[in-house]
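Examining the three-dimensional arrangement
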Amino acid sequence: MMTRLLLPPFSRRRLLGTAGAASLVAPAAFAQTAPATSNNGPAIQVSGAQNAPIPMAIMPFAAQGVGAQITQVITDDLSHSGLFRAIDPSSFVPNSINNGTPVWQNWSLLGAQGLVTGDVQDAGGGQLRVEFRLWNVQQQAQVQGTAYTTTKNNWRRIAHIIADSIYQQMIGEKGYFDSRVAFISVAGQVTSPIRRLAIMDYDGANVQFLTNGANMALSPQYNPTRQQLAFVSFRDGSNPRVYLFDLQTGATKLVGGFGEMTIGPRFSPDGNSLLMSVSHNGGASIVKTDLSGGNMVQLTDSSSINVTPCYSPDGSQIVFNSDRDGNQQLFVMNADGSGVKRISFGPGQYAEPAWSPRGDLIAYTFWGSGGFSIGVMAPDGTGERILSQGYLVEGATFCPNGRVIMFYRESPTPSGHSARLVTIGVDGFNERLVDTPTYATDPSWGPLLT
């Protein structure tokens with residue numbers, strides 16, 4: 001979760017220099033709903049070009065039961081990406097598969113470019129055999145045919161894997177459906193919310209709560225190479241510290257105990273080290289440390305507030321935000337701390353930069369006279385554009401292939417405010433709610449599981 005450096009009435013220095021939950025989670029009661037605009041500097045506009053979705057015919061793997069459920073998840077995955085349009089099955093011509101081969105004319109008449117067929121069988125011993133075939137209707141040829149054997153309770157993941165295969169064959173790059181997201185579950189009273197570390201499938205299914213809420217959890221980050229999370233917590237009544245959570249064993253351990261507070265952890269691309277911000281005497285420096293908290297290297301000084309660092313996908317650069325020029329702006333530096341260069345110049349404040357896995361974009365939170373926004377820009381600061389605005393929007397994280405961003409959106413309610421996760425394409429289209437059992441903040445999209 002962002003440290004809320006840009007929210008009044010707390011000053012940036014007070015937020016980083018004062019221990020306690022309130023300083024990190026002050027409600028955003030001052031945000032506006034009007035879109036952000038720019039009167040000088042780079043234009044900040046909602047922009048993008050929506051591609052024509054690829055029409056897909058997805059035949060039911062079975063009329064009911066797990067086969068129907070697998071079909072629905074595949075359909076939802078492809079449709080939610082915004083790159084595919086599932087043709088209504090009620091329009092399918094009967095008997096359009098003859099001896100395992102499509103009757104091509106029937107599918108061409110529907111305008112289908114791709115056809116998916118499949119079958120689910122009980123393999124015994126609590127196992128399922130799931131078979132699927134992908135057909136190119138225009139070329140009248142099978143593109144892929146694969147069979148999977150798995151436990152019955154793993155059916156949803158098989159559906160995501162199949163959808164990823166279809167995505168890759170039709171788009172030409174890896175999908176992102178077989179992935180998980182770490183987030184903070186928010187429940188309880190508005191005045192004393194319970195914030196638990198949690199993970200889920202990318203689409204909101206299979207939520208697991210990892211902490212019990214006795215100690216506030218914030219800012220989870222997925223390790224890109226192993227089943228591990230970094231997060232911030234006020235365990236044992238201490239100042240906020242960075243901890244590691246092992247998703248296989250459930251063990252939690254502290255990563256050092258530097259300065260007055262340690263916040264904003266981000267893993268290196270190889271997963272072997274962490275960046276974080278360490279506060280001291282009202283300022284904050286960015287440091288690099290190994291996962292045990294040893295071999296610490298300070299990359300910036302603490303004469304200003306330097307927070308929310310994030311590596312480029314090749315590990316050669318780091319983007320972060322700092323108030324060294326008077327208000328919060330984005331800066332890029334080399335991985336060793338040299339060559340610092342400011343990249344944001346809009347009439348407002350910037351925070352929480354996240355570098356795309358593709359290396360082509362940096363997402364960020366923007367706050368100006370018009371309110372809060374999620375935007376993207378090129379790593380050199382050019383091409384700045386806003387994707388979504390709201391009462392409060394923040395916490396952008398990219399999916400594994402960089403085509404979709406997840407963030408959270410807070411909205412006022414009679415008793416306080418809601419917090420929901422949403423996804424949006426990097427083109428600014430196809431914004432969708434991610435359903436979770438509680439309010440949710442601070443998403444971190446993990447790597448592909450396969």
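Residues numbered from 1 in each chain as written. Predicted model: local features only at pLDDT ≥ 70, side-chain atom pairs only at ≥ 80, totals over all residues. Heavy atoms only, no water.

Next up on the list: the pattern of salt bridges. Within the structure shown, the criterion is met by eleven salt bridges. A salt bridge links Lys-152 to Asp-122, with the shortest nitrogen-to-oxygen separation between them at 3.3 Å. Placement of Lys-152 in the loop between strand 8 (141-151) and helix 5 (155-171) and of Asp-122 in strand 6 (residues 114-124) is noted, with a sequence separation of 30 residues between them. According to the relative accessible area criterion, Lys-152 is partly exposed, its value standing at 38%. With relative accessibility at 53%, the residue Asp-122 sits in the exposed group. Residue Arg-409 pairs with Glu-431 through a salt bridge whose shortest N-O separation is 2.8 Å. (Salt bridge = Lys/Arg side-chain N within 4 Å of Asp/Glu carboxyl O. Helix = DSSP H or I, 4+ residues; strand = E, 2+ residues; numbered from the N terminus. Buried < 20%, exposed > 50% of the residue type's maximum accessible area, 1.4 Å probe, protein only.)

Residues at a pLDDT of 70 or more form 88% of the protein chain, whose mean pLDDT is 88. pLDDT under 50 marks residues 1-49. Its contacts with residues more than four places away, or in other chains, come to 132 contacts. (pLDDT = per-residue confidence, 0-100. Contact = heavy atoms within 4.5 Å.)

Direction vectors running N to C along helix 3 (residues 65-80) and helix 5 enclose 45 degrees, while the axes themselves pass 9 Å from each other. Taken together, the axes of helix 3 and helix 5 are oblique relative to one another. Of the two elements, helix 3 crosses helix 5, and the hand of that crossing is right-handed. Facing Val-66, Gln-69, Ile-70, Val-73, Ile-74, Asp-77 and Leu-78 of helix 3, the residues of helix 5 in contact are Trp-155, Arg-156, Ala-159, His-160, Ile-162, Ala-163, Ile-166 and Tyr-167. (Axes fitted to C-alpha atoms, helices over the stretch in contact; angles between N-to-C directions. Parallel < 35°, antiparallel > 145°, perpendicular 65-115°, else oblique. Left-handed = near helix turned anticlockwise from the far one by under 90°.)

Next up on the list: helix 5. Given a rise of 1.5 Å per residue, 17 residues ought to cover 24 Å, and the 24 Å separating the end C-alpha atoms of helix 5 matches this to within 8%. For helix 5, every residue scored as buried is listed here: Trp-155, Ile-158, Ala-159, His-160, Ile-161, Ile-162, Ala-163, Asp-164, Ser-165, Ile-166 and Tyr-167. Downstream of helix 5 by a residue or two, Gly-172 has a phi angle that is positive, lying close to 95 degrees. (Expected span 1.5 Å × (residues − 1).)

Before going further, it helps to spend a moment on unusual backbone geometry. A positive phi angle, close to 60 degrees, is found at Asn-95, a residue other than glycine. Position of Asn-95 among the secondary structure elements: in the loop between strand 3 (84-86) and strand 4 (97-98). Asn-95 sits in the exposed class, given a relative accessible area of 70%. Phi angles above zero are rare outside glycine, and Asn-295 is one such case at about 55 degrees.

This next bit is on the packing of aromatic side chains. Counted under the stated rule, the structure contains 15 aromatic pairs. Their ring planes at 50 degrees and their centres at 5.7 Å tell us that Phe-177 and Tyr-202 sit as a pair that is tilted. Remark: Tyr-202 occurs in the loop between strand 10 (193-201) and strand 11 (208-209) and Phe-177 occurs in the loop between helix 5 and strand 9 (179-188); sequence separation between them is 25 residues. Accessibility expressed as a relative area gives 0% for Phe-177, which makes it buried. Consider the rings of Tyr-350 and Phe-366, whose centres lie 5.0 Å apart with planes at 70 degrees: the pair is edge-to-face. Of this pair, Tyr-350 sits in strand 24 (residues 348-355) while Phe-366 sits in strand 25 (residues 362-368); the two residues are 16 residues apart in sequence, bridging distant segments of the chain. (Phe/Tyr/Trp six-rings, centres within 6.5 Å; stacked < 30°, edge-to-face > 60°.)

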